[in-house]
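Working through the structure, step by step
The primary structure of each chain is shown beneath.
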Amino acid sequence: MVQGHDKEDQAHLTLPMSNIKHNLETIKHRIREYEQKYQRTPGSVSLLAVSKKQSPEKIQSAIAAGQTAFGESYLQESLEKKAILNDPNIEWHFIGPIQSNKTKKIAEHFAWVHSVDSIRIAERLNNQRPETLPPLNICIEVNVDNEKTKSGAGPENIHSIIDYCLHLPRVKLRGLMTIPAPKSTFIEQRKSFHELAKLFNQLREKGILLDTLSMGMSDDYEAAIAEGATIVRIGTAIFGARI
Ligand SMILES: *Cc1c(COP(=O)(O)O)cnc(C)c1O
């Protein structure tokens, strides 16, 4: 073992739980600062704590610090943690890629789905949403940078997906979501988010009642808030590196 560096390299693995409380407070403080800085309505940006690949213990410390909304990307993992935590006050958001064979469990176990990117997935979620639960809140994931390999619907398909979702009784269309390709400058980060915000505003001008722009992660949430994000999805800046 090389002496000296190990402690620092491993610091994220042994992150004391109290850091999670501290990290949450820091991020919430910054969100409030950015709301002011970019003339956003105070309190208009909410924090989704992205807990994928994080332990139930870490989620528990975030709950103890007052966090209630958590984002997960992998169905099996999320169901296991949901059963362990068994807390009806948690609002679970599904934010990962969706295969058709996963829609039933997603419709049964989540309050929100941010990553709907086709009519087929929207239809399945609608049909499989249990009648005992309120309609499933959904966002359409848009591939704003139009990268071939990434998930999300191309901007040219958005209008047909949205028209379809508006007629579904068991899902409630709330807005748009994006995961842009990583950018090296703040200006570049803002450009992608600006594209999504433009689309969002066009839809609202057509009279479609959307209230959610889900955009911004640990490395780019300031740019997302500057461009109008209403939900930022933050993982590593709260919980440390993922396992
Ligand atoms: C993992 C993930 C995040 C959080 O990313 P961090 O960089 O850890 O903040 C946000 N959104 C989605 C869709 C993710 O998959």
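Use the structure listed above.
Source: prediction; values computed, not measured.

Rules used in this analysis
Residues numbered from 1 in each chain as written. Predicted model: local features only at pLDDT ≥ 70, side-chain atom pairs only at ≥ 80, totals over all residues. Heavy atoms only, no water. Core = buried A, V, L, I, M, F, W, Y, C linked by side-chain atoms within 4.5 Å. Buried < 20%, exposed > 50% of the residue type's maximum accessible area, 1.4 Å probe, protein only. Helix = DSSP H or I, 4+ residues; strand = E, 2+ residues; numbered from the N terminus. Contact = heavy atoms within 4.5 Å. Polar contact = N/O pair within 3.5 Å; in protein donor to acceptor, adjacent residues only side chain to side chain. Axes fitted to C-alpha atoms, helices over the stretch in contact; angles between N-to-C directions. Parallel < 35°, antiparallel > 145°, perpendicular 65-115°, else oblique. Left-handed = near helix turned anticlockwise from the far one by under 90°. Nonpolar A, V, L, I, M, F, W, Y, C, P; charged D, E, K, R; others polar. Expected span 1.5 Å × (residues − 1). Near = heavy atom within 4 Å. Areas by Shrake-Rupley, 256 points an atom, 1.4 Å probe, with all protein chains shown as cover. Pairing = 2+ DSSP bridges. Right-handed = clockwise from strand over helix to strand, strands pointing away.

1. Let's talk about the nonpolar core
Ranked by internal contacts, the top residues of the largest apolar core, which has 62 residues, are Ile140 and Leu176. Among the elements that line this core, the one with the most residues is helix α8 (residues 186-205), at six residues. Discounting residues that sit within four places of it in the chain, Ile140 has contacts with His114, Val116, Ile158, Ile161, Ile162, Cys165, Leu173, Gly175, Leu176 and Met177. One finds Val50, Ile95, Cys139 and Ile231 within the second-largest nonpolar core, a separate group that totals eight residues.

2. Considerations on the side chain of Glu222
Turning to its location among the elements, Glu222 is positioned in helix α9 (residues 221-226). Separated by 3.5 Å, the side chains of Glu222 and Tyr34 make a polar contact. A distance of 2.4 Å separates polar atoms of two side chains, one belonging to Glu222 and the other to Tyr38. When sequence neighbours within four positions are dropped, the list of residues in contact with Glu222 reads Tyr34, Lys37, Tyr38 and Phe186.

3. Describing the environment of Arg129
Following the sequence through the fold, Arg129 ends up in the loop between α6 (119-128) and β5 (136-141). A relative accessible area of 6% means that Arg129 is categorised as buried. As a C-alpha pair, Arg129 and Arg242 span 113 residues in sequence and 30 Å in three-dimensional space. Excluding residues within four positions of it along the chain, Arg129 makes contact with Ala107, Phe110, Ala111, Pro134, Pro135, Leu136 and Arg170.

4. Side note on the packing of helix α3 (residues 56-64) against helix α4 (residues 75-85)
Packed helix pairs are characterised by how far apart their axes lie and by the angle those axes make with each other. Closest axis-to-axis distance for the α3/α4 pair is 10 Å, and the angle between their directions is 55 degrees. Here α3 is positioned oblique relative to α4, judged by the angle of their axes. At the point where α3 passes α4, the crossing takes the right-handed sense. Packed against α3, whose contacting residues are Pro56, Ile59, Gln60 and Ile63, the element α4 presents Lys81, Ile84 and Leu85 at the interface. Considering only residue class, the contact of α3 with α4 consists of five nonpolar, one polar and one charged.

5. Description of α8
Taking 1.5 Å as the rise per residue, α8 with 20 residues should run 28 Å; its terminal C-alpha atoms sit 28 Å apart, in good agreement. Residues of α8 that are buried make contact with α7 (158-165), β6 (171-177), β7 (212-214) and α9. Two residues or fewer past α8, Gly207 is found with a positive phi of approximately 95 degrees.

6. Some words on the environment of Lys37
Residue position: Lys37 is located in helix α2 (residues 17-37). Under the relative-accessibility criterion, Lys37 is labelled partly exposed at 49%. Sequence separation between Lys37 and Glu222 is 185 residues, and the spatial gap between their C-alpha atoms is 9.8 Å. Within the structure, Lys37 has its side chain in polar contact with the side chain of Glu222 (distance 2.8 Å).

7. Some words on the site of the ligand
Within the structure, the ligand sits among 13 residues, and Lys52, Ser218, Gly235, Thr236 and Arg242 are positioned closest to it. Residue Arg233 places a side-chain N or O atom 2.9 Å away from a nitrogen atom belonging to the ligand. Gly235 has a polar backbone atom sitting 2.8 Å from an oxygen atom of the ligand. With the chains in place, 90% of the 390 Å² that the ligand exposes on its own is no longer accessible. A per-class count over the shell around the ligand returns six nonpolar, four polar and three charged.

8. So, the pairing of strand β2 (residues 69-72)
Residue alternation in β2 divides its side chains into two sets, Ala69 and Gly71 and Phe70 and Glu72, and both sets are buried. In this structure, strand β1 (residues 46-50) lies alongside β2, joined through two bridges in parallel fashion. Paired with Val50 across the strands is Gly71, a residue of β2. Handedness of the β1-α3-β2 crossover: right-handed.

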